[in-house]
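Secondary and tertiary structure notes
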Amino acid sequence: MSERTGREPKVPSQQQLPAGWEAVIGLEIHVELLTRSKVFCGCSTEFGAPPNTHVCPVCLGLPGSLPVLNEKAVEYATRAGLALHCEIAPYAKFDRKNYFYPDLPKAYQISQYDLPLCKNGYLELRVGGKVRRIGITRVHMEEETGKLVHSTATIVGSQYSLVDYNRSGVPLIEIVTQPDLRTPEEARLFLEELRSIMLYLGISDVKMEEGSLRCDANISLRRPGETRLGTKTEVKNLNTFRAVERALRHEAFRQAAILEEGGRVLQETRGWDDATGATVPMRTKETVQDYRYFPEPDIPPLVLDRAWVEQIRKALPELPAARRQRFETQFSLPAYDADVLCQHPAVADFFEKAAARFPDAKTVSNWVMGEILRLLKATGEEPAVLGAHPEWVDHLVGVLELVQAGKINAAAGKEVLEESVRTGRAPEEIVRARGLEQVGDEAKLREWVKQAIGTNPDAVASYRAGKAQAAGFLVGQVMKLSRGKANPKVVGELVQRELGPPGQGS
Amino acid sequence: MSDLRELLFASIEELSALLWQGEITARELAEAHLRQIERVDPAIHAYLTVVADRALEQAAEADRKLADHRKAASTGRASSPPQPAELSLLGIPWACKDVLCTRGVRTTCGSRILEHFVPPYSATVVERLDGAGAVMLGKVNMDEFAMGSSTENSAFGVTRNPWDLERVPGGSSGGSAAAVAAGEAVFSLGSDTGGSVRLPAAYCGTVGLKPTYGTVSRYGLIAFASSLDQVGPLTRTVRDAALVFQAIAGHDPLDSTSAPRPVGPVLEEVEKGVRGLKLGLAPEYFGEGLSPAIREAVLSAVRRLEREGAEVVEAHMPHLDYALPVYYLIAPSEASSNLARYDGVRYGLRTPGEDIIAQFSRTRRDGFGPEVKRRIMLGTYALSAGYYEAFYLKAQKVRTLIRRDFEEAFRSADVLVTPVSPTVPFRLGEKVEDPLQMYLTDIYTLSVNLAGLPGVSVPCGFSPETLPIGLQVIGPAFSEGRVLRVARAVERTVGAELTSGRRPAVAVNGR
């Protein structure tokens with residue numbers, strides 16, 4: 001019996017797992033820390049510099065060079081551990097993980113093995129209205145490797161490969177979860193929540209596309225109710241949140257297809273191919289690496305001062321879960337709004353600043369979620385850019401006040417906001433310059449209403465026949481005639497006044 | 001002016017005084033040493049690289065500074081201010097073991113794999129000696145990656161013992177010891193992982209100090225076994241060892257294992273004598289395998305120290321037997337990891353292969369000698385899954401026991417006095433085919449590294465075949481002053497009769 005079926009399983013697009021199976025998923029997540037210098041030397045960690053310009057004997061692993069631990073990296077890792085409810089080890093140490101690869105300058109990676117900095121934590125997820133607690137096995141520190149640039153797609157078959165060591169020695173934390181996740185969706189939600197937390201902590205820019213957030217996933221299947229774990233595969237190359245979910249779903253269906261045919265899942269490492277939407281075998285676990293871990297003799301053990309840890313704990317910012325909760329109660333926002341607003345601290349901050357100055361929080365929320373996030377998406381900017389533009393809050397509040405006062409309508413408000421953000425000019429100024437003031441003059445409005453009624457006898461007839469929605473159509477016609485400047489509320493009243501209540505044929 | 005030939009065997013202190021008084025110039029001193037190297041090194045082969053131009057530049061700079069200092073002193077009120085100790089290395093020629101990185105100067109570590117490696121940085125100890133105005137003559141030979149006890153494992157040929165050219169100078173710092181013994185340098189630096197400074201010092205009749213782990217920076221010292229390696233001086237006198245130690249020791253922010261404590265006034269302590277000091281003699285160091293001549297020389301030195309007022313107490317090192325196997329698990333384990341970086345990707349030798357794995361393994365096949373390969377294999381095995389607990393972890397536990405043995409011994413004894421080596425220098429080739437016999441050479445020294453303690457090797461006599469014999473003084477951590485104080489007493493009491501005035505014939509007459 002073949003261990004892998006050759007054909008690709010059918011994978012439905014909706015959120016579901018193969019019938020009769022439960023997935024057991026654990027994640028290993030690497031997060032690059034946003035320190036200014038590398039973890040064992042003073043080189044810059046800046047992303048995108050010309051190759052091999054941020055290097056020194058230490059991060060190149062030249063003979064005789066020695067690592068000196070960056071305290072800021074320890075602080076950041078501790079912050080992450082505390083945010084994930086971990087125990088912070090009073091005594092941690094570094095170990096060497098030995099293996100040969102051209103991007104690994106010392107042929108070992110300084111990492112943590114049996115005494116990691118943080119362990120036994122958890123992260124709470126809200127999934128479909130329920131709270132799921134996902135265990136964190138450990139959070140440990142390690143160093144980045146260099147980066148290989150191959151002459152063709154992969155190292156095998158390349159004529160040559162070049163190495164850029166700018167990344168070598170950038171501090172990393174590896175977060176390992178318990179196999180507590182049950183669906184690909186949960187895995188994605190976990191990763192998104194983790195990303196938010198890192199952003200709130202200010203310790204990483206967590207960009208999957210730049211590799212500062214990377215995820216490998218382990219998945220196995222079993223029958224619901226069973227406690228034993230099935231054979232797992234490890235999926236790598238997951239470069240987007242969407243890929244995590246898609247790859248795991250694909251892998252669940254692939255494994256189910258094998259198991260249902262009576263086959264055995266091969267324990268192996270598989271890569272995700274986003275183009276074909278399938279996982280592909282990379283290497284089997286038979287050739288498992290022996291990393292020959294042993295204590296790093298060049299770095300003394302890390303003895304953490306309790307008071308220092310407590311100081312960091314006290315200085316932790318409000319985290320996304322707490323902030324969501326607060327938004328729901330303080331601003332009476334729906335859970336959905338709180339979720340969207342709190343994903344990124346800059347967005348939440350922005351909302352809070354605007355909500356402090358405008359009485360209707362739900363309206364502010366709508367505009368932030370709708371307009372502000374749309375504007376960011378359109379320009380491809382990171383939400384963090386909001387922090388750099390405090391005047392945008394003024395623009396939004398200005399627009400909301402104009403709309404509330406009936407000076408412009410919502411549609412015009414959206415245009416004005418966009419232009420304010422783009423040009424930096426005040427909303428009122430734009431409204432004046434572009435003549436967008438809402439027309440509230442009843443005589444003018446009545447003229448348009450009469451015109452609309454006169455040219456749309458069908459709508460008038462159906463309104464009189466009892467179809468109230470027809471009034472909306474007429475209001476729309478008036479808006480058109482006014483080129484968007486009519487006050488839709490007043491127009492609605494005028495239409496009713498002209499035609500009387502719906503269903504009353506004249 | 002003094003006889004330049006005599007200057008080749010003078011101490012740092014004597015030469016510094018002459019330089020200070022303007023009797024000689026640093027340039028003359030450097031040139032005399034460069035000539036001596038030309039004259040005797042073809043027979044000894046201590047040097048791998050001589051940097052005459054660099055040395056003469058440093059000497060010229062030293063002469064300028066000496067002139068400035070003299071001028072400042074003569075215009076001062078005092079007749080002649082005492083020469084500051086920090087100026088004592090100004091203009092003094094020295095030899096650097098090729099395990100220490102030197103900016104712009106080829107650094108081979110005795111290995112084919114680094115044959116053409118020119119580091120863009122200097123080891124902290126080299127920086128410090130440069131800063132003190134010492135004149136580096138060149139890089140000296142060693143066992144490849146400091147693995148060996150005879151300097152026969154160098155990829156660039158053996159170094160010969162100046163006292164008997166058919167014999168080994170000891171290792172791995174054989175070039176460092178031979179250069180000092182043959183008048184090719186006033187002092188040298190070596191590195192000591194299991195006895196690599198003390199053994200060649202003993203075999204070549206010089207003083208060799210292995211400092212407490214963490215007192216001397218390892219930055220730029222090409223790692224063999226990181227938890228054991230320590231840089232130390234080889235000198236003609238104990239006082240010189242103190243001087244060089246003071247110049248190179250002290251906290252280095254580039255080395256996380258370097259001790260954040262000030263270096264005490266070691267030189268001041270050296271002349272205090274041994275009256276009232278308790279010398280521990282442990283029978284474990286005087287058992288089977290020890291050459292009778294060495295036993296007699298060491299015990300006779302101890303009797304002299306007793307006459308000087310030292311007290312002899314019995315000490316015990318119950319776990320000493322395990323030091324050798326423990327060492328040969330831990331050192332190769334660390335070495336297997338430290339030497340993995342030589343893969344032909346970034347620097348050093350590269351032998352191309354059809355794929356990257358083939359390139360790695362061919363580069364390492366061609367670049368490493370047999371002893372290095374043997375230890376990499378040993379270490380890889382000891383660390384591998386399934387054997388780690390049985391070998392590496394167990395060895396670390398026994399290492400702790402050995403450390404406790406010393407702690408216990410130092411409750412009753414101020415220092416331990418032991419032989420350095422069980423035998424006098426052996427003949428070239430004698431032990432090359434028998435690694436275990438070779439490893440036994442370091443049996444008295446390597447426990448000191450396992451415990452991270454200071455140890456000094458000081459000449460205490462000659463064997464009947466007129467080969468030098470060394471005595472080892474071991475002290476508690478950070479007791480460099482104390483071990484040198486005992487060594488100084490040995491030097492003073494035995495020196496006059498047995499060592500003073502003796503010089504290797506080749507160094508005097510050439511060959």
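You'll find the structure just up there.
Residues numbered from 1 in each chain as written. Chains lettered and ligands numbered in written order. Predicted model: local features only at pLDDT ≥ 70, side-chain atom pairs only at ≥ 80, totals over all residues. Heavy atoms only, no water.

**Structural notes on the overall build of chain B**
When helices and strands are tallied, chain B shows 18 helices and 11 strands. The globule rule puts the C-alpha radius of gyration for 511 residues at 24 Å, and the 22 Å found for chain B is close to it. With the C-alpha coordinates aligned to their principal axes, the bounding extent of chain B is approximately 75 × 55 × 45 Å. Sorting the 511 residues of chain B into buried and exposed places 64% on the buried side. (Helix = DSSP H or I, 4+ residues; strand = E, 2+ residues; numbered from the N terminus. Rg over C-alpha atoms; globule rule 2.2 N^0.38 Å. Buried < 20%, exposed > 50% of the residue type's maximum accessible area, 1.4 Å probe, protein only.)

**Here we look at the overall build of chain A**
From N to C terminus, chain A includes 15 helices and 16 strands. In terms of its C-alpha atoms, chain A occupies a principal-axis envelope of roughly 90 × 55 × 50 Å. Buried positions account for 52% of the 506 residues belonging to chain A. Once local pairs closer than 6 in sequence are excluded, the contacts in chain A between residues at least 24 apart make up 71%. Carbon together with sulfur atoms contributes 51% to the accessible area of chain A, which is approximately 23300 Å² in total. If the 65 positive side-chain charges of chain A are averaged to one point and the 67 negative ones to another, these points end up 3 Å apart. (Contact = heavy atoms within 4.5 Å. Areas by Shrake-Rupley, 256 points an atom, 1.4 Å probe, with all protein chains shown as cover. Lys, Arg positive; Asp, Glu negative; His and termini not counted. Charge placed at Lys NZ, Arg CZ, Asp CG, Glu CD.)

**Quick look at the sheet that holds strand 4 (residues 95-98) of chain A**
The sheet built from three strands is open, its strands ordered 5-4-15 (chain A) with antiparallel pairing. The sheet is open, and its two edges are formed by strand 5 (108-111) and strand 15 (294-295) of chain A, each paired on a single side. Of the strands in this sheet, strand 4, strand 5 and strand 15 of chain A are in contact with helix 11 (residues 323-338) of chain B, which crosses strand 4 of chain A at around 60°. (Pairing = 2+ DSSP bridges. Axes fitted to C-alpha atoms, helices over the stretch in contact; angles between N-to-C directions.)

**Focus: the pattern of salt bridges**
One pass over the structure, following the stated rule, counts 68 salt bridges over all chains. When the shortest N-O distance is used, the salt bridge between A:Arg188 and A:Glu192 registers 3.3 Å. Of this pair, A:Arg188 and A:Glu192 both sit in helix 2 (residues 184-201), four residues apart, roughly one helical turn. Residue A:Glu192 is classed as partly exposed on the basis of its relative accessible area of 24%. Ionic pairing is found between B:Arg362 and B:Glu354, a salt bridge with its closest N-O pair at 3.0 Å. Accessibility expressed as a relative area gives 30% for B:Arg362, which makes it partly exposed. Each of B:Glu13, B:Arg239, B:Glu271, B:Glu308, B:Arg488, B:Glu491 and B:Arg492 takes part in a single network of salt bridges with overlapping partners. (Salt bridge = Lys/Arg side-chain N within 4 Å of Asp/Glu carboxyl O.)

**Some remarks on the packing of helix 8 (residues 361-379) of chain A against helix 10 (residues 410-423) of chain A**
All names here are of chain A. Interhelical geometry of helix 8 versus helix 10 gives an angle of 40° and a closest axis separation of 11 Å. On the basis of the axis angle, helix 8 is oblique to helix 10. The handedness of the crossing between helix 8 and helix 10 comes out as right-handed. Contacts from Trp 367, Glu 371, Ile 372, Arg 374 and Leu 375 in helix 8 reach Ala 410, Gly 413, Lys 414, Leu 417, Glu 418 and Val 421 in helix 10. In the contact of helix 8 with helix 10, the residues fall into six nonpolar, one polar and four charged. (Parallel < 35°, antiparallel > 145°, perpendicular 65-115°, else oblique. Left-handed = near helix turned anticlockwise from the far one by under 90°. Nonpolar A, V, L, I, M, F, W, Y, C, P; charged D, E, K, R; others polar.)

**A few points about helix 7 (residues 345-355) of chain A**
Residues and elements named next belong to chain A. For helix 7, a buried count of nine out of 11 residues is recorded, marking the element as mostly surrounded by other parts of the structure. Among the residues making up helix 7, those that are buried are Pro 345, Ala 346, Val 347, Ala 348, Phe 350, Phe 351, Glu 352, Ala 354 and Ala 355. Buried positions along helix 7 lie against helix 2, helix 5 (320-330), helix 6 (335-342), helix 8 and helix 9 (391-404).

**Details of the nonpolar core**
Grouped together as the largest cluster of nonpolar side chains are 286 residues, with contacts concentrated most on A:Met198, B:Phe145 and B:Phe406. B:Phe145 has contacts with B:Cys109, B:Ser111, B:Ile113, B:Leu114, B:Ile222, B:Phe224, B:Leu339, B:Tyr342, B:Phe368 and B:Val372, leaving out every residue within four places of it along the chain. Core analysis: the next-biggest nonpolar cluster, separate from the first, contains 21 residues, A:Val439, A:Ala452, A:Ile453 and A:Leu494 among them. (Core = buried A, V, L, I, M, F, W, Y, C linked by side-chain atoms within 4.5 Å.)

**Some words on a nonpolar patch on the surface**
A grouping of A:Tyr91, A:Leu115 and A:Val303 is seen on the molecular surface, where their side chains present a nonpolar patch of about 280 Å² in accessible area. Owing to a relative accessible area of 62%, A:Val303 belongs among the exposed residues under this scheme. (Patch = residues over 30% accessible without salt bridge, like charges linked within 9 Å, V, L, I, M, F, W, Y side chains within 5 Å.)

**Some words on the sheet that holds strand 10 (residues 455-462) of chain B**
All names here are of chain B. One open sheet accounts for 11 strands, arranged 1-3-2-4-6-5-10-11-9-7-8; its pairing is mixed. The two strands at the open ends of the sheet, each matched to only one other strand, are strand 1 (47-50) and strand 8 (311-314). Within the sheet, the average angular offset between the axes of one strand and its neighbour, ignoring direction, is 30°. The sheet contact formed by strand 2 (residues 93-97) and strand 4 (residues 187-191) spans three bridges and is parallel. Among the inter-strand pairings, Cys 96 is bridged to a residue of strand 4, identified as Leu 189. This element, helix 8 (residues 238-248), spans strand 4, strand 5 (207-210), strand 6 (231-235) and strand 10 of the sheet and lies at about 150° to strand 6.

**Some points on unusual backbone geometry**
Of the consecutive residues B:Gly171 and B:Ser172, the connecting peptide bond is found in the cis state with omega at 5°. Topologically, B:Ser172 is positioned in the loop between strand 3 (135-140) and helix 6 (174-181). In this structure, A:Asn52 takes a positive phi of about 55° despite not being glycine. If you trace the backbone, A:Asn52 turns up in the loop between strand 1 (22-32) and helix 1 (71-83). Unlike most non-glycine residues, B:His45 shows phi in positive territory, near 60°. Take B:His45: it is sitting in the loop between helix 3 (26-44) and strand 1.

**Let's talk about the interface of chain B and chain A**
Of the residues lining the interface, 37 residues belong to chain B; the matching set on chain A comes to 33 residues. The contact between chain B and chain A buries some 2700 Å² in all, and 61% of this surface belongs to carbon and sulfur atoms. The largest contributions to the chain B side of the interface with chain A come from B:Ser256, B:Arg341 and B:Arg346, which together make up 22% of the buried area. Where chain B touches chain A, the interface holds one salt bridge. Residue B:Arg218 is joined to A:Asp298 by a salt bridge in which the shortest nitrogen-to-oxygen separation is 3.0 Å. Counting across the interface, chain B meets chain A through 12 residue pairs in polar contact (both at pLDDT 80 or more). Among the secondary structure elements, those contributing two or more residues to the side of chain B that touches chain A are helix 11, helix 12 (356-367) and helix 13 (370-383) of chain B. Classifying every residue of the side of chain B that touches chain A by side-chain character gives 21 nonpolar, 10 polar and six charged. (Buried area = accessible area lost by both parts, 1.4 Å probe. Polar contact = N/O pair within 3.5 Å; in protein donor to acceptor, adjacent residues only side chain to side chain.)

**Topic: the packing of helix 6 of chain A against helix 8 of chain A**
Residues and elements named next belong to chain A. At a closest axis distance of 11 Å, the pairing of helix 6 and helix 8 adopts a crossing angle of 50°. Relative to helix 8, the element helix 6 lies oblique. The interaxial crossing formed by helix 6 with helix 8 has left-handed handedness. Where helix 6 approaches helix 8, its residues Tyr 336, Asp 337, Val 340 and Leu 341 are matched on the opposing element by Lys 362, Ser 365, Asn 366, Val 368, Met 369 and Leu 373.

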